[in-house]
Amino acid sequence: MQAEDMEVPIINNLNDNGDRQRPKGKDVFKDQQKESESSMESPNLEFEYGDTDTLTAELSELYSYTEEPEFALNRDYFEEDFKSHARGRRWIELTVEEQRTYVMRLLDALEVTDRDKRLKVARAILYLAQGVFDECDTEVDVLHWSRHNVFLLYDMGIFTALLELLSMEIDNNQACSSAVRKPAISLADSTELRVLLSIMYLMVETIRVQTEDDRPEWIAAREAFKNELGSPLYNGEPFALLLFTMVTKFCSMNAPHFPMKKVLLLLWKTILFTLGGFEELQEMKVRGRERLNLPPLPEDSIKVVRAMRAASPPASAMELIEQQQQQKRGRRSRRPLVKQDSLDTYNERDPFKNDDARDEEEDPEDTDSGIEGEVDPLDRDVIIQPPPPPPPLRPPTERVNFPKGLPWAPKVREKDIEHFLETSRNKFIGFTLGNDTDTLVGLPRPIHESVKTLKQHKYVSIAEVQIKKEDELQQCPMTLGEEEVEETPTEMLYLGMLPNLSQYVIALLKLLLAAAPTSKAKTDSINILADVLPEEMPITVLQSMKLGIDVNRHKEIIVKAISALLLLLLKHFKLNHIYQFEIVSQHLVFANCIPLILKFFNQNIMSYISAKNSICVLDFPHCVVHEMPELTAESLEAGDSNQFCWRNLFSCINLLRILNKLTKWKHSRTMMLVVFKSAPILKRALKVKQAMMQLYVLKLLKIQTKYLGRQWRKSNMKTMSAIYQKVRHRLNDDWAYGNDIDARPWDFQAEECALRESIEKFNSRRYDKNKNGDFTPVDNCLQSVLGQRVELPEDFHYSYEMWLEREVFSQPIQWEGLLQNP
């Protein structure tokens, strides 16, 4: 990321006479003041994080607004075929048996060779999956009949038939080559694929979601479908692998007509359905700890995060300037800026700037000695000492309410206890005892108490147990024998992904980059708009506005699907085996995922989260039930009435969580955050008043605080206080002071290389059966070896008696030679 992309502090603007001047006139100052005031007034966002949005919202995001005319097309093809079968009756009036008979007829018609006839039948099936909306009066009715029809379609085996057609379309070289040659690809190039993927998405999403009134046969069908999708039933691979192949084929420019948004949505929902969402992950984690005889989790992280409240950003620097100008109206001010406030997003100083140079810039009369000089005037009420009486014109701030208890139970790793004891023994005794954490002889009483407290909060993760077991298996492959690997859906998915893992990761990141709002349009970048652009480009202003909203919405949905998909993969692989998680993480890091996410956040995040890129009257199922009002420019600009966009806030939190997973306990990657100057970008994200998003931003700031220097910490005491209140405490962690920088720059490459070596050993031992030839068991039992039937050549039967006479009987045996040492 280039330095010029970052915000540059507007400080030290001197005119020719050496006097300070206001930067770029009054307009810039007013604009920044307005922006800072709007950030102050930003309300708490009533956002509940979950696996997905509501079912209606998830179904509506499947369709682009340019696909709206196709709803009527689906209905017409269905009714044209249905009239000859039902003779004046409607679909909802048929009995279940009659409905099954008609679906069987559609299934037979899917097998015709004529491509156009197949497409008409597929559109009729899509209309059924969409809920026969022409026969419904309300949106609830549409969803009810969609659910009924989807379970019926699954029961009749439609999904398997669609899968065969999808495989044919993927391998359709004629369509691929004609799309590659086209100068502009539009919606018409992906018609068959879009219809097939839409039906499959509706089936996966509808069956995945449980409701209270589900029938017993539906519950059984859900389990069967879940097992079917997660098992290697499709050409020996899980269904998700076919979709991953579509993604890589699209990104390699071999199939630019693939409707990528629908592929990514279906891929995400398939992974979510087969592997499980965040609550299932928590349950699996609890069961996994029980199996390994580990103590239970100190708390349910989902409940803790949902109970947290957002921190209110304090007064911004611009408001402090106004206050200072009122205070110093009588005398000429040489320094219009006070020290920067913690959650202020403006005038961020470079953390790498020399502290001495900065001290020279500051006015001596504004610098105090002692602790008061190190703390912002707004930060004094955070210190435990009684605060001094406020000045008469002090800007109003919210009263700090100290929580009754910290939200998270503290944690200590075994390594931390060993490190603490090693330091203590060196100091008091003069020698160490290695990894011994029990012997406390010769250490003073306070050290005993400290060790006792550390052990009370010791937390052993599943990952630590897995690493320890893997080390043992590597050291003793013969004695410990073969490891029993449970065939879970996660394990089967990893096994299928392993050969092409780096290609999948790079493809997903390419798509994420193309869909990011901060990306510049380049001629060589991937065209992700193939399934949103109409055949005829808009000619009126209204059509252009509608298409502009549609394109932005399309990109937002792609970001949402990729961020949720990557997070799910990381979390499931980490729980299944730590080295599976590490290899995906390393591929992400090597493919520049860290700077990509920072680039994504290097925008006005408040405007991204409050974006109104949706037209409610065009959303499914609203658009197929209600009469379409006449669209005007005003109605397009109005958007919905929500204070934030659910999918964009969801995407931001997912990307922050991915960044946390990549950098946690990895000093080399933490230094990447520092090198890419992520602190000002992350601090800008704190303007969003949503507790979960703030928590993950503060976690990322916490891990790099020790590297940002004393001056940064001094100027950001409010941020430090927020980290203390919201982020889990690691006892013995010196994050706030940076006295012990425990990783040196020259160790970083070695750290990644050592991790890579461990991953390769794990994959070789567990999945590469041919490499371990040295340790293949040998049959040395005399009876079984002699009892084996050996195929002998035909001529041996004629000459074996001569062979015996010559080679065995006529040769003298020297028995004494057998007793001598060779």
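Everything quoted here is computed from the prediction, not taken from an experiment.

1. Here's the deal with the overall build of the protein chain
Tallying secondary structure elements over the protein chain gives 39 helices and zero strands in all. A sequence separation of at least 24 residues applies to 79% of the contacts in the protein chain between residues at least 6 apart. Total accessible area computed for the protein chain in this model is approximately 42,800 Å², and 52% of it derives from carbon and sulfur atoms.

2. Digging into the packing of aromatic side chains
Between two aromatic rings, the relevant description is the distance of the centres plus the angle of the planes. Per the stated rule, a full pass over the model turns up 31 aromatic pairs. Taken together, a centroid distance of 5.4 Å and an interplanar angle of 45° make the contact between Phe-47 and Trp-646 tilted. Taken as a pair, Phe-47 in the loop between helix H1 (25-40) and helix H2 (55-60) and Trp-646 in helix H30 (residues 646-663) lie far apart in primary sequence, 599 residues in all. In terms of burial, Phe-47 and Trp-646 fall into one category: buried. Pairing Phe-78 with Phe-82 gives two aromatic rings, centres 5.0 Å apart and planes at 15°, and the pair type is stacked. Separated by four residues within a single helix, Phe-78 and Phe-82 lie in helix H3 (residues 69-86), roughly one turn from each other. What makes Phe-78 buried here is its relative accessible area of 0%. The exposure class of Phe-82 is buried, given its relative accessible area of 5%. Counting every residue linked through ring pairs, the aromatic cluster contains Tyr-63, Phe-71, Phe-78, Phe-82, Trp-91, Tyr-102, Tyr-127, Phe-133 and Phe-620. The ring of Tyr-65 has Arg-553 sitting right over it, with the charged end atom 4.4 Å from the ring centre. In this structure, Lys-574 is placed above the aromatic ring of Phe-581, and the distance from its NZ or CZ to the ring centre is 5.2 Å.

3. Topic: empty space enclosed by the protein
Evaluation of the coordinates by the stated rule reveals eight cavities of 30 Å³ or more. For the largest cavity, the calculated volume is near 100 Å³. What lines the largest cavity is simply Arg-115, Arg-118, Leu-119, Ala-122, Leu-165, Met-168, Glu-169, Glu-192 and Leu-196. Counting residues per element, the ones that place at least two in the lining of the largest cavity are helix H5 (115-129), helix H7 (158-170) and helix H9 (191-208). Among the elements that line the lining of the largest cavity, the one with the most residues is H5, at four residues. When the residues that make up the lining of the largest cavity are grouped by side-chain class, the tally is five nonpolar, no polar and four charged.

4. Concerning the confidence of the model for the protein chain
On average, residues of the protein chain carry a pLDDT of 81, and 80% of them reach 70 or more. Counting contacts from residues 1-41, a segment whose pLDDT is below 50, to residues more than four positions away or on other chains yields 60 contacts. Note on residues 332-403: pLDDT under 50 across the span, and 127 contacts to partners over four residues away in sequence or across chains.

5. Some remarks on the environment of Glu-482
By the element assignment, Glu-482 lies in the loop between helix H21 (477-480) and helix H22 (489-497). Residue class for Glu-482 comes out exposed when judged on its relative accessible area of 61%. When the C-alpha positions of Glu-482 and Arg-766 are compared, they lie 8.9 Å apart, and in sequence the two are 284 residues distant.

6. A few points about the nonpolar core
The nonpolar side chains of soluble globular proteins are, as a tendency, buried together. In this structure, Trp-91, Phe-239, Leu-511, Phe-601 and Met-693 are the most contacted members of the largest nonpolar core, which totals 195 residues. In terms of residues, this core owes the most to one element, helix H24 (residues 541-576), which gives 16 residues. The contact partners of Phe-601, leaving out residues within four places of it in the chain, are Cys-652, Leu-655, Leu-656, Ile-681, Arg-684, Ala-685 and Met-693. With nine residues, the next largest nonpolar core counts Ile-417, Leu-421, Leu-440 and Val-451 among its residues.

7. Side note on helix H10 (residues 216-230)
If you check H10, its first and last C-alpha atoms are 22 Å apart, about what 15 residues at 1.5 Å a residue would give, namely 21 Å. Every buried residue of H10 is listed here: Trp-218, Ala-221, Arg-222, Phe-225, Glu-228, Leu-229 and Gly-230.

8. Examining unusual backbone geometry
Cis geometry marks the peptide bond from Phe-620 to Pro-621; its omega dihedral reads 5°. Within the fold, Pro-621 resides in the loop between helix H27 (605-609) and helix H28 (622-625). The backbone phi angle of Val-132 is positive, close to 35°, even though this residue is not glycine. Structurally, the position occupied by Val-132 is in the loop between H5 and helix H6 (139-155). In this structure, Trp-665 is a non-glycine residue whose phi angle is positive, near 65°. When you line up the elements, Trp-665 lands in the loop between H30 and helix H31 (667-675).

9. Thoughts on the state of the cysteines
Taken as a whole, this structure holds zero disulfides when the rule is applied. Cysteine Cys-645 shares no disulfide, and the gap to the nearest cysteine sulfur, in Cys-652, comes to 9.5 Å.

10. Some points on the side chain of Asn-660
Mapping Asn-660 onto the fold places it in helix H30. Taking the relative accessible area as the measure of exposure, Asn-660 reaches 11% and is therefore buried.

11. Topic: the environment of Leu-162
The topology assignment puts Leu-162 in helix H7. Along the chain, Leu-162 and Ala-122 lie 40 residues apart, while their C-alpha atoms are 8.6 Å from each other.

12. Digging into the environment of Thr-490
Inspection of the secondary structure puts Thr-490 in helix H22. Spatially, the C-alpha atom of Thr-490 lies 9.1 Å from that of Ile-271, the residues being 219 residues apart in sequence. What Thr-490 contacts, discounting residues up to four positions off in sequence, is Leu-275, His-572, Phe-573 and Asn-576.

13. Some words on the pattern of salt bridges
For the coordinates displayed, the defined rule picks out 40 salt bridges. Arg-123 is the partner of Glu-70 in a salt bridge, and the nearest nitrogen-oxygen pair spans 3.5 Å. Of this pair, Glu-70 sits in helix H3 while Arg-123 sits in helix H5; the two residues are 53 residues apart in sequence, bridging distant segments of the chain. Arg-123 carries the same exposure label as Glu-70, and that label is buried. With its nearest N and O atoms 3.6 Å apart, the salt bridge here joins Arg-306 to Glu-279. Remark: Glu-279 occurs in helix H13 (residues 278-291) and Arg-306 occurs in helix H14 (residues 301-307); sequence separation between them is 27 residues. Assessed through its relative accessible area of 45%, Arg-306 is described here as partly exposed. Its relative accessible area of 44% is what places Glu-279 among the partly exposed residues. Each member of the salt-bridge network shares a partner with another, and the members are Glu-58, Glu-61, Glu-205, Arg-208, Lys-269, Glu-556, Lys-560 and Arg-647.

14. A short note on the packing of H30 against H31
Axis separation between H30 and H31 bottoms out at 8 Å; the angle between their running directions is 130°. In terms of axis orientation, H30 runs oblique to H31. In this structure, H30 contributes Leu-659, Leu-662 and Thr-663 to the contact, and H31 contributes Arg-669, Thr-670 and Leu-673. Partitioning the contact of H30 with H31 into residue classes produces three nonpolar, two polar and one charged.

How each quantity is defined
- Residue numbers run consecutively from 1 along every chain, following the written order of its sequence.
- With the structure being a predicted model, the display of local features is reserved for residues of pLDDT at least 70 and the display and counting of side-chain atom pairs for 80 or more, all residues being used for whole-chain, interface and lining totals.
- The side-chain numbers reported here are obtained from all heavy atoms of the structure, hydrogens and water having been left aside.
- Helix and strand definitions here come from DSSP, where helices need a minimum of 4 consecutive H or I residues and strands a minimum of 2 consecutive E residues; each element is numbered from the N-terminal end.
- Should any heavy atoms of two residues lie within 4.5 Å, those residues are counted as being in contact.
- Exposure was quantified through the Shrake-Rupley algorithm and a 1.4 Å probe, taking into account, for residues, occlusion by the shown protein chains and nothing else.
- A pair of aromatic rings is counted whenever rings of Phe, Tyr or Trp (Trp by its six-membered ring) have centres within 6.5 Å, and the orientation is called stacked for planes under 30 degrees apart, edge-to-face for over 60 and tilted otherwise.
- Each residue's exposure class comes from its accessible area (1.4 Å probe, protein chains only) as a fraction of the maximum for that residue type: buried when under 20%, exposed when over 50%, partly exposed otherwise.
- Ring-over charges, as used throughout, are those where CZ of Arg or NZ of Lys falls within 6 Å of the ring centre and within 35 degrees of the ring normal.
- Think of a 1 Å grid over the protein atoms and nothing else: a 1.4 Å probe that fits but is trapped marks a cavity, an open set flanked by protein within 12 Å on at least five of seven lines marks a pocket, and residues with an atom within 4 Å of a point count as lining.
- Grid points are joined across faces, edges and corners, and a volume is the space filled by probe spheres set on the points.
- All residues other than Ala, Val, Leu, Ile, Met, Phe, Trp, Tyr, Cys, Pro, Asp, Glu, Lys and Arg, Gly among them, are scored as polar; the first ten of these are nonpolar and the last four charged.
- For every residue, the predictor reports its confidence as pLDDT, a number between 0 and 100.
- Among the buried residues, those of types Ala, Val, Leu, Ile, Met, Phe, Trp, Tyr and Cys that are joined through side-chain atoms within 4.5 Å form a nonpolar core.
- Each helix should span, by expectation, one fewer than its residue count multiplied by 1.5 Å.
- The term disulfide is used for any two cysteine sulfur atoms that are within 2.5 Å.
- Only one rule defines a salt bridge in this text: a Lys or Arg side-chain nitrogen within 4 Å of an Asp or Glu carboxyl oxygen.
- Axis definition: a line fit to C-alpha positions, over the contact stretch in the case of helices; interaxial angles, taken between N-to-C directions, run 0 to 180 degrees.
- For this classification, under 35 degrees means roughly parallel, over 145 means roughly antiparallel, 65 to 115 means roughly perpendicular, and everything else is oblique.

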